[in-house]
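Examining the three-dimensional arrangement
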Amino acid sequence: MSLASRRGIATLIVLYASLMLVGLAAGPAAAGPLDPPAGYAKAFTCSACHGFGGNSKGDTVPILAAMPPPYLIKALKDYAAGKRPSTEMEPYAKMAIHLGAEDVAAYFAAQKREPWAGRVDAAAAARGKTAAAACAACHGVDGRGDIARGIPDLRGQPPGYLENQMRLFKADQRSPGDEALKAPKAMMQTVPDATLADLAAYFASQR
Amino acid sequence: MSAVAALTRRRLLTGAAGTAGLTALGGCAASTKGDFAPKSGRRVVVIGGGWAGATAARYVRLHDPGIEVMLVEPSRQFVSCPFSNLVLSGVRTLDSLTFDYAGLRRGGVRLVHETAGAIDPAARRVRLGEGYLEYDRLIVAPGVDFQWEQVEGLAAAQDRVLHAWKAGPQTARLARQLHTMQDGGVFVLTIPPVAYRCPPGPYERVCQVAWYLKTQKPRAKLIVLDANPNIVSKTALFRAAWQAYPNIDYRPGNKVVKVDAGAREVTTEVGERVRYDVVNLIPPQRAGAIAVQADLVGADKRWCEVNHVTYESVKHPGVHVIGDATGGLPVPKSGNVANAMGKICASAVAHLLGGRTPPVMPPGNTCYSWVSDREAIAVVNVYKIEGGKVVQIEQKLTRGQSAAVARNSLGWAQSIWGDVLG
């Protein structure tokens, strides 16, 4: 047997031994990706609409992956109280609060965000970039927001969801009476309806 | 067995095997003799690749990639029942609802395109053709089968009297029957007594057929013979939607007990005969055949009673039942609930095989119905688990029908198809 092949066999043995060790260390009850972090068992039902790990594939459904917990918890409370009117979300928000909103939010905060990969109208996004100058003071030029001030990251959210929310802001149907939302609502009232889809396309296309 | 044969066999069965290998596994009777895929580690076998079974198979692997998962499903394609009523009206194509199982394979699920013949819970084996598979835990998701014998003449007329209640070839055939019916014709749709798959489904179908007839065959009529005393689900919303369709003749409390395909006539329980040009007879239902054969059904001989936390059968330890085949839970037989049960059961099975206590996970239900070519309604149900049983917390309906709800339903579909199939 040549030295080269002996070395080859030795390498294989070492490899095999390491694999065995890894196998033993992992043990028979090896935890899958759904075990850590806490909260999966309370958040699992959300994936029907919000996608696995909160990475929605649906145009009208927001991506929850990597969402900061204070933002999501406020959203759940507003939905449950009917302040953000939604047939779908009011019952599910109540369920999430019943199970533990903090755990649900912690689960989504720990997920890696996959930005919207569906179709975005490029011409609309280009028009939206110009119109988005009005949003930049709070959301930043690309829409990244400032979560310390409660301003959400709009980048890569599904365009249908973004457009719906802008309509709700404009009509004061999202959390009416919420002081923090007075300024963006006043700003949205200056935006023509025809521009909403352009803005949505722009922010959906940002990374 | 020779080493070469063993290697070949192993190759055929590996999750990484190409289409050729899977074809051999699914199609060749010789490959299903004896223990044709000997078990080396922990293994979960899933019977049925619908909404519940496909979800469960995918999620067991997500919980623990160390568990081998084999999904036994005769069909190579997944056709979504939700939205299939829209194929009848021509609003959607069947192609747009048809998916493959490539996502599950990518997730390490091994597909066996065979029909499970029997279950031996004592030996922990599933029989396939002349062979068998061993399992540590079995998940049975057989959906529903039809009680042909409940309607006289139906079994013999299956080729002409269509149910289209399992999306696929029958959906396309019923659409053709509807589209080729003459203007002025009578379309009869019959609804079975509860419980059946998809409570609002027949009423959504009524909307789609009525919308199609109103726009394409304005002199035609739709007679609905409902075995139930009233619209089973989203009652007020459907009633309101039907205001737009004067071509609907809705007759509650009319259970169909006989069909005569030659005379083109159905007969109700009270002996009334109704003539049709096209009939869509949705038969009474029970759990899929394998669940009945394996003695998983309860005293009603129709549905399977399960533990509300683990979905383990109350009759056979080690065997879990999910999806439409279950009974005794306060949940509808819907795609969304099947998906939830798949995730809950996968978690329970992974925990049990790892020697851990399964977490308590209540299901949820979101259900959309299209009432025209562009508007929809919805109902949402959420649940908790109390004293080990699933209990409803709340039900909420849309205030009316709208295009916005229809758009939401498309968002739901895109996400949940991905959640089921990967």
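Scoring rules and cut-offs
- Residues numbered from 1 in each chain as written.
- Chains lettered and ligands numbered in written order.
- Predicted model: local features only at pLDDT ≥ 70, side-chain atom pairs only at ≥ 80, totals over all residues.
- pLDDT = per-residue confidence, 0-100.
- Pairing = 2+ DSSP bridges.
- Helix = DSSP H or I, 4+ residues; strand = E, 2+ residues; numbered from the N terminus.
- Axes fitted to C-alpha atoms, helices over the stretch in contact; angles between N-to-C directions.
- Buried ≥ 20, exposed ≤ 12 C-beta atoms within 10 Å, placed from the backbone.

Turning to the confidence of the model for chain B, a few remarks are in order. Summarising the model, chain B shows a mean pLDDT of 93, and 93% of its residues fall at 70 or more. Both confidence scores are given for the complex: pTM 0.90, ipTM 0.90.

All names here are of chain B. Pairing is antiparallel across the open sheet formed by 3 strands, whose spatial order is 15-16-17. The strands lining the two open edges of the sheet, one partner per strand, are strand 15 (256–260) and strand 17 (273–275). Between one strand axis and the next, the sheet turns by 25° as a mean value, whatever way the strands run. In terms of strand pairing, strand 15 meets strand 16 (residues 265–268) through 4 bridges, oriented antiparallel. The partner of Asp260 across the bridge, within strand 16, is Glu265.

Residues and elements named next belong to chain B. Look at the link from Val194 to Ala195: it is a cis peptide, with omega at 0°. In this fold, Ala195 is placed in the loop between strand 12 (186–191) and helix 7 (201–216). With phi around 50°, Arg264 is a residue other than glycine that occupies positive phi space. Within the secondary structure, Arg264 is located in the loop between strand 15 and strand 16. Under the C-beta neighbour-count criterion, Arg264 is labelled partly exposed, with 17 such atoms within 10 Å. The phi dihedral of Tyr311 falls on the positive side, at around 65°, and the residue is not glycine. Position of Tyr311 among the secondary structure elements: in the loop between strand 20 (304–305) and strand 21 (319–321). The exposure class of Tyr311 is buried, given the 28 C-beta atoms found within 10 Å.

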